[in-house]
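Listed below are the residues making up each chain.
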Amino acid sequence: MNAQITYRYMKWISPQEMHKVSLSWFSELSFVRDEQLFLGDLLKSYTLQFSDLTIFDESRRVIGAISKAKKEVVVLLKKVQAHYNQLEIMVDDIDQPKMEKAYRDTYWDLLIEIEGYLHEYRNLKSRLFRLIAKVMKKDRGQRLLTKPK
């Protein structure tokens, strides 16, 4: 995976905004996890075609990447949940500058990690759909070549 580092201007963000963003992350990652169940079923329906020697290596890499992405989304969901549970540090009216700074730092780290994961996941889905399109075109071509009885 080629990681590209981009630097951004980081604005101050309120605890309410962090709360909304954390809920959004959790929702989006939960959707990704559910979507991965669908993709798993889709892969199962094309298992036989993926064993074709012309696309076997590519299909093996894509399937492996999807398995890895499934594990990563669970880890990210746990991180987001833990981060969300610690939001009280920001709103409890107790002045804890070190803990608040650590919370904000964790927020920005999570932001970068989640954006990177979602970017890679979108690329992975594109690869999977291109692979399935190849299989479907090949199947359609073979059906057109065979004579009906």
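Residues numbered from 1 in each chain as written. Predicted model: local features only at pLDDT ≥ 70, side-chain atom pairs only at ≥ 80, totals over all residues. Heavy atoms only, no water.

Now for the overall build of the protein chain. Secondary structure summary: the protein chain contains 5 helices and 0 strands in total. In the protein chain, buried positions account for 32% of the 149 residues. In the protein chain, the proportion of contacts linking residues at least 24 apart, taken out of those at least 6 apart, comes to 85%. Carbon and sulfur atoms make up 59% of the accessible area of the protein chain, which amounts to about 10,900 Å² in all. (Helix = DSSP H or I, 4+ residues; strand = E, 2+ residues; numbered from the N terminus. Buried < 20%, exposed > 50% of the residue type's maximum accessible area, 1.4 Å probe, protein only. Contact = heavy atoms within 4.5 Å. Areas by Shrake-Rupley, 256 points an atom, 1.4 Å probe, with all protein chains shown as cover.)

Over its 30 residues, helix H3 (residues 56-85) extends 44 Å from the first C-alpha to the last, a length consistent with the 44 Å expected when each residue adds 1.5 Å. Regarding H3, the residues found buried are Ser59, Val62, Ile66, Ala69, Val73, Leu76, Leu77, Val80 and His83. (Expected span 1.5 Å × (residues − 1).)

Turning our eyes to something else, we now look at the pattern of salt bridges. Side chains that carry opposite charge are capable of pairing whenever their charged atoms lie near each other. On inspection of all chains with the given rule, the structure shows 6 salt bridges. Note that Arg60 is salt-bridged to Asp57, the shortest N-O span being 3.5 Å. Of this pair, Arg60 and Asp57 both sit in helix H3, 3 residues apart, roughly one helical turn. You can call Arg60 partly exposed: its relative accessible area is 49%. For the salt bridge of Glu58 with Lys134, the shortest nitrogen-to-oxygen distance reads 2.8 Å. Of this pair, Glu58 sits in helix H3 while Lys134 sits in helix H5 (residues 97-145); the two residues are 76 residues apart in sequence, bridging distant segments of the chain. A relative accessible area of 23% means that Glu58 is categorised as partly exposed. Judged by relative accessible area, Lys134 falls into the partly exposed class, the value being 43%. (Salt bridge = Lys/Arg side-chain N within 4 Å of Asp/Glu carboxyl O.)

Our next topic: the nonpolar core. Nonpolar side chains in soluble globular proteins tend to be buried together. Counting residues in each nonpolar core, the largest one holds 34 residues, and the members touching the most others are Met18, Trp25, Leu29, Phe50, Ile114, Tyr117 and Leu128. Listed by contribution, the elements that provide at least two residues to this core are helix H1 (15-45), H3 and H5. With residues up to four places along the chain from it excluded, the contact list for Ile114 reads Trp25, Leu29, Leu76 and Val80. (Core = buried A, V, L, I, M, F, W, Y, C linked by side-chain atoms within 4.5 Å.)

With that settled, consider the environment of Glu88. Examined against the element boundaries, Glu88 turns out to sit in helix H4 (residues 88-91). A sequence separation of 12 residues divides Glu88 from Glu100, and the C-alpha atoms of the two residues are 9.9 Å apart.

Time to look at the packing of H1 against H3. The contact between H1 and H3 brings their axes to 10 Å, and the two run at 155°. When the interaxial angle is binned, H1 and H3 end up roughly antiparallel. The two elements H1 and H3 meet at a crossing, and its hand is left-handed. On the side of H1, the interface is formed by His19, Ser22, Leu23, Trp25, Phe26, Leu29, Ser30, Val32, Arg33, Gln36, Gly40 and Leu43, while H3 contributes Ile63, Ile66, Ala69, Lys70, Val73, Leu76, Leu77, Val80, Gln81, His83 and Tyr84. Among the residues making up the contact of H1 with H3, the classes are represented as 14 nonpolar, 7 polar and 2 charged. (Axes fitted to C-alpha atoms, helices over the stretch in contact; angles between N-to-C directions. Parallel < 35°, antiparallel > 145°, perpendicular 65-115°, else oblique. Left-handed = near helix turned anticlockwise from the far one by under 90°. Nonpolar A, V, L, I, M, F, W, Y, C, P; charged D, E, K, R; others polar.)

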